[in-house]
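# What the coordinates show
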Amino acid sequence: MSSALKIYALFIGSALLMFGGGLQGLLMSVRGAEEHFSLLALGLIGTGWSVGFVTGSITVPLLVKRVGHIRAFSIMAAIGTVTILLNLLWINDVGWIVLRAFSGFCFAGAAMIVESWLNEVADNKSRGTIFSIYVTINMAASTIGQLAMSITGTLGYVPFVVGAISFICAVLPTALTSTPQPRPMSSARLDVVLLYRTSPLAVIAAFACGMSNGTFGTLAPVYGFEQKLDASTIAYLFAVTAVVGAVAQTPFGRLSDKIDRRLVIVGLSGFAAFIGLLTVLINPAGGVLMFILFGLYGFGAYPLYAIAVAHANDFARDGEFGRVAGGMLLILGVGLAIGPVIASWAMNAIAPVALFIVTATFHGALAVTAFLRMKVRPVRDTRGRIRFRAMNAEKGISPGTVALDPRADEGQQTPRQPAPPPPPETEILVPDPIEPVVIVDSDGKPDAPGDQPAESTEPGSTGEPGPAPDKA
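Within each chain, residue numbers correspond to sequence positions counted from 1 in written order. Where local features are concerned, this predicted model is filtered to residues with pLDDT of at least 70; where side-chain atom pairs are given and counted, the filter is 80 or more; whole-chain, interface and lining totals use all residues. To obtain the side-chain values, all non-hydrogen atoms of the structure were used and water was disregarded.

A score between 0 and 100, pLDDT records how confident the predictor is in each residue. Of the residues in the chain, 70% reach a pLDDT of 70 or more, and the chain-wide mean stands at 77. Contacts are assigned to residue pairs that have any heavy atoms within 4.5 Å of one another. Throughout residues 411–420 the model reports pLDDT below 50, and contacts reaching past four residues in sequence, or to other chains, amount to 23 contacts. Confidence over residues 449–464 falls short of pLDDT 50; this stretch has four contacts with residues more than four positions distant or in other chains.

Its place among the elements puts Ser38 in the loop between α1 (3–34) and α2 (39–67). In this structure, the C-alpha to C-alpha distance between Ser38 and Asp93, residues 55 residues apart in sequence, is 8.2 Å. Within 3.5 Å is the distance limit for a polar contact, defined as a pair of N or O atoms, with the added protein rule that one can donate a hydrogen and the other accept it, and that residues adjacent in sequence qualify only through two side-chain atoms. A polar contact of 3.1 Å, which involves the side chain of Ser38, links it to the backbone nitrogen of Ala41. In this description a helix means any DSSP run of H or I spanning at least four residues, a strand means any run of E spanning at least two, and both kinds are numbered starting from the N terminus.

Bringing the packing of helix α11 (residues 261–282) against helix α12 (residues 287–301) into the picture now. Axis definition: a line fitted to C-alpha atoms, over the contacting stretch in the case of helices. Angles run 0 to 180 degrees between N-to-C directions. Following both chains from N to C, one finds α11 and α12 inclined at 155°, their axes separated by 8 Å at the closest point. Between α11 and α12, the angle falls in the class roughly antiparallel. By crossing handedness, the relation of α11 to α12 is classed as left-handed. Side by side, α11 and α12 meet where Leu268, Phe271, Ala272, Ile275, Leu278, Thr279 and Ile282 of the first sit next to Leu289, Leu293, Leu296, Tyr297, Phe299, Gly300 and Ala301 of the second. Gly counts as polar in this scheme, as do all residues outside two lists: the nonpolar Ala, Val, Leu, Ile, Met, Phe, Trp, Tyr, Cys and Pro, and the charged Asp, Glu, Lys and Arg. Tallied by class, the residues present in the contact of α11 with α12 amount to 12 nonpolar, two polar and no charged. Oblique is the label for any angle not under 35 degrees, not over 145, and not in the 65 to 115 range, which are roughly parallel, roughly antiparallel and roughly perpendicular in turn. With the far helix as reference, a near helix turned anticlockwise by less than a right angle produces a left-handed crossing, and one turned clockwise produces a right-handed crossing.

Nonpolar side chains in soluble globular proteins generally cluster together in the buried interior. Counting residues in hydrophobic clusters, the biggest one holds 101 residues, and the most contacted among them are Leu42, Leu118, Phe216, Phe294, Tyr305 and Met328. When residues in this core are grouped by element, the largest group, 13 residues, is from helix α9 (residues 200–226). Residues contacting Leu42, with those up to four places away along its chain left out, are Ser29, Gly32, Ala33, Phe37, Thr218, Leu219 and Val222. The nonpolar core is taken to be a set of buried Ala, Val, Leu, Ile, Met, Phe, Trp, Tyr and Cys residues, with the residues joined through side-chain atoms within 4.5 Å. In this scheme, a residue with accessible area under 20% of its type's maximum is buried, one over 50% is exposed, and one in between is partly exposed, where area comes from a 1.4 Å probe on protein chains only.

A few words on the pattern of salt bridges. A side-chain nitrogen of Lys or Arg and a carboxyl oxygen of Asp or Glu constitute a salt bridge if their distance falls within 4 Å. Applying the stated rule across the entire model yields two salt bridges. Taking the shortest distance from any N to any O, the salt bridge between Glu35 and Arg31 comes out at 3.0 Å. On the basis of relative accessible area, Arg31 is assigned to the buried category, the value being 7%. A salt bridge links Asp260 to Arg262; its shortest N-O distance comes to 3.1 Å. For the residue pair Asp260 and Arg262, the accessibility class agrees, reading buried in each case.

The next thing to look at is the side chain of Arg261. Mapped onto the elements of the fold, Arg261 is located in helix α11. Of the polar contacts made by the side chain of Arg261, one reaches the side chain of Ser256; its length is 2.9 Å.

Within the secondary structure, Leu278 sits in helix α11. Judged by relative accessible area, Leu278 falls into the partly exposed class, the value being 26%. C-alpha of Leu278 to C-alpha of Phe356: the two residues are 78 residues apart in sequence and 9.0 Å apart in space.

With that settled, the discussion passes to the packing of aromatic side chains. Stacked, tilted and edge-to-face are the three classes assigned to paired rings of Phe, Tyr and Trp, where Trp is represented by its six-membered ring and a pair needs centres within 6.5 Å; plane angles under 30 degrees give stacked, over 60 edge-to-face, the rest tilted. Under the counting rule described, the total for this entry stands at 15 aromatic pairs. Between Phe238 and Phe294, the aromatic rings sit 6.5 Å apart at their centres with planes inclined by 70°, giving edge-to-face as the arrangement. Of this pair, Phe238 sits in helix α10 (residues 231–258) while Phe294 sits in helix α12; the two residues are 56 residues apart in sequence, bridging distant segments of the chain. Judged by its relative accessible area of 2%, Phe238 falls in the buried class. Judged by centre distance (6.0 Å) and plane angle (75°), the rings of Phe271 and Phe299 are edge-to-face.

Printed below as a string of C-alpha cells:
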C-alpha cells in the first residue's frame, strides 16, 4: 500500500471519528433538555467530556506503551461505541455525566493514535499539507455530524445507533493499513511556568477561549431548545456557526502574520463580546436574526485560540513549540470543563440567554488583557514569527495534533535581546607624517634621484651623507 493510500485511510478514520463526535455532542445537549435534565446536569455533561478528554491526553500514551497502537485504538473505539449505546439504554442525568467522561477519554485516545500514524507517514515536505487537510477534514466531518441530527432527530434509538456505527467503523482504516507501528506517543505536559514566562497573554487567552467555547458548545443547544427550536433548526444553527468560524480563521490568521497579533485578538474578542451582549439584549426567539447572531459569534470567537497559539510561540525558543502548545491545550481543557458549570448557574438564576453573559464576560476580559499587554511588551518582528495554522478549539485539541503540526519542527528564532552598549571610544594618537627632505644644488634645482649620495650602511652610520671625496 502506497503512502498516499495510507494517508487517505487515516483521513477516513479521523473523519468517521469526528462525525460521530459531532453528532453525539449535539445530541447529548438537546436530548438531555428534552428529558428535562436540570441545567446544572446539562452543564456537567459538558464538563464530564472535557475532564475525560484531558485525562485521556495524559494517560492514553501510557496505555499505548503497554499494548501498542492498534490494540489501544481498538480499545478506545470499542469503549466509545459501548458508551454511546449505554446513553440510549440508561437515560439518567448522573449516568450521562459519567458516560460522557468516558466518551471524552476515548475520543482523546483515538484521535491521538490516528494523529500518531499521520505523523509517522508524513515527511518534512508534506507535513504542512497533511496538517491543513487533517484540520479541514475534522472541521467538516464534525459539522456534517451535527447536521446529521436534522435527519436522525433526537428521539428514539436511531441517532445513538448512527453514532455507534461511526465510532466502530473508524477502526477499519487503521486495521487494514500496513503502516508500521508509530513511535511512542508523548503525554501532554502542563508547564505553566514556561507558558506564562513565554506569554502571559497566552494563558489568559487559552482559559478565556475554553470558558467561552465550552459554554457555547454545551449550552447553546439548550438555549435553542428553550427558545422552542426543533432539532433540525438547532443542527442548522450550529452548522452555520461552525462554517463561518472556520472560514474566518484563514483571513484573520494571515492578517495576524503581518501585524501585531494582539491587535487582531483585541478586535476579534471585542467583537465576540459585543455580539454576546447584543444577543442578551435582543434574546431572539428564532428566525433569520438568530442565525445571523450565531454566525457572527462564530466569526469572532472561533479564530481566537489558533491566533493565541501562534502569538505564544512567536516568543518561544527553539524546540519549545510542543511544550507551549501542550500547556495551552490543557488550560483550554480546564476552561472547557469549568465554563458550562458557571453558565448553567447563570442560566438558572437569570434566564437561558444568560449563557451569552458568560461568553461576553470572558471575551471582554481577553480583549482588555490583550490591549494592556500591547503597552507592556513590544511587538515581535515579523521575521521572527511562526506561521499561523488553523485549529479547532471548540472541543479541544490532542497532543497528537500538536506533534503533527509542522511548526513543531520549524526552528524559531530566539527572541532578540537588547544590544549591549558600544565600548567607550579610545583616542588613538597618530604621529604626523614626516615630510621628505629635498636636496637642491647650487642652481636651486632638486638633484635627480641618481645624483643624491647613497646612505651609509656601515655600522654606526646615522644615515646622513658623508663628506665629499677629494678630487684627483
